[in-house]
Amino acid sequence: MARHGENIHKRKDGRWEGRYIKGRSETGKAIWGYVYAYSYVDAKSALIRKKVKTADYTVPLGAQELTFSALSELWLSTLNDLEESSIAHYRYSIEHYILPVIGDLRISQLSSAKLELCVLQIISPVGGEHKPFGASLSRECISLVRRLCKYAYKLHLMPMIELSIKPVKETKEFPEALSLEEQAAVNRFVFKNPTPRKAGILFMLQLGLRISEVCGLQWGDIDLVHKEVRIRRGVRRIAIGTGKTSVVVRAPKTESSKRVLPIPPKLSVLLQMLYQKNTFGSDVWFLSCSSKPVEPRCYRKSIHALADNAKLRPAVGRNIRINPAHLCQNVLLFIVALHGIVDVGDTPHLAVHLAGAPSAVRIDFINRDGLLHRSRDFVAAPRSACGGIFI
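Residues numbered from 1 in each chain as written. Predicted model: local features only at pLDDT ≥ 70, side-chain atom pairs only at ≥ 80, totals over all residues. Heavy atoms only, no water.

Caption draft 1: Focus on the overall build of the protein. A count of helical and extended segments in the protein gives 13 helices and 12 strands. A total of 391 residues make up the protein; the buried ones form 42% of that total. In the protein, the proportion of contacts linking residues at least 24 apart, taken out of those at least 6 apart, comes to 60%. Accessible surface, the protein: about 22,300 Å² in total, of which carbon and sulfur atoms supply 54%. (Helix = DSSP H or I, 4+ residues; strand = E, 2+ residues; numbered from the N terminus. Buried < 20%, exposed > 50% of the residue type's maximum accessible area, 1.4 Å probe, protein only. Contact = heavy atoms within 4.5 Å. Areas by Shrake-Rupley, 256 points an atom, 1.4 Å probe, with all protein chains shown as cover.)

Shown next as structure tokens:
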């Protein structure tokens, strides 16, 4: 039987059903939500939690006029535990994409339907203010709006609003790795007249370093005795507001990004040649050979210019870093089959070399300290391979 005043009754299937008002439409009509349980006590407990979650809050005096723009500033001021670059990225996305559409709206007047229309206008504007967003940017904007609404809910400024919008479907495009001829051309170009900027390309090609990590290398991070390089920092250009940017040097965002990698033999010889020309101090930046680092934007332009000088196709400058993973795809699958590796990210660093014929591959298992754990010869058939590929 139904419990009067509680909106709880027993269904024919034996379960208890409770209903509550989870929101109201534009006309003020109640929108009902339902909970189900196999006992009255459980149904009542679930109903109480839902009622508390969707309760109409008493907005503090003066907060009725709080706009979405003011809410975003308040939320950004609470992100003290994040990296400066992450906060700058969130601020840029909010100010350039979200606030032009919903910045002037008062949060006390927002509803799920109105907010969903605004988000659709952000992702794909009807007036053609900008091109429709892709999968990544649309996912980011939807996530930021949800986080801002959740923050307002925690402050009891608005009820919980659920957005049912899905981001743009992502179309996966796999970049093309460098061929053997292109890799050979890169190596010939670098070794013909070696410079630190050219050697940085080999760090990306053979060790898979990010461009920010190459810009963050100092000569003190390169151990020519033990033939290893330590990744300790990265260089980035971030927005600092009022249309200005600044170059910052920061440690990697995650502990796993701080790593020690073995240097391939040929690259080690090249670095030794560069070091002998001018004895650098440990605090001298590797690319610039001075007290000031090279920022990624400038080095990216240098890479494209070097690729043009080497008469390589334009895409080579963009696909240098992805080369190690693509070249060793089949080799990694072969290792997984033999050793039962489930997550490649949890394995030691793998150094892959050619041993004679293209189908003969020697795998050197190297631990996090850069020490050789064991070596083993495999007969595999990778799509393409080159000496000194490091993952």
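Back to the write-up after that little detour.
Caption draft 2: Spotlight on the nonpolar core. Phe-203, Ile-222, Val-229, Leu-271, Phe-286 and Tyr-299 are the most contacted members of the largest nonpolar core, which has 39 residues in total. Only α6 (180–192), α7 (196–207), α8 (211–215), β5 (228–231), α9 (265–277) and α10 (296–309) provide two or more residues apiece to this core. In this view, Ile-222 contacts Phe-203, Glu-228, Val-229, Ile-263, Leu-271 and Phe-286; residues no more than four positions away in its chain are not counted. Counting residues in hydrophobic clusters, the runner-up holds 32 residues, among them Ile-94, Ile-142, Ile-161 and Ile-165. (Core = buried A, V, L, I, M, F, W, Y, C linked by side-chain atoms within 4.5 Å.)

Caption draft 3: Focus on the sheet that holds strand β4 (residues 222–223). On the basis of which strands lie adjacent, the open sheet formed by 3 strands has the order β4-β5-β8 and antiparallel pairing. With partners counted over all chains shown, the strands left at the sheet margins are β4 and β8 (259–262), one partner each. Two elements, β5 and β8, share 4 bridges in a ladder whose sense is antiparallel. Residue Arg-230 lies in a different strand from β8, and its bridge partner there is Val-260. (Pairing = 2+ DSSP bridges.)

Caption draft 4: Main features of the pairing of β5. Pairing of β4 with β5 involves 2 bridges; the strand directions are antiparallel. Looking at the pairing, Asp-223 lines up with Glu-228 of β5. Hairpin connection from β4 to β5: 4 residues lie between these consecutive antiparallel strands, with Lys-227 at a positive phi of about 55°.

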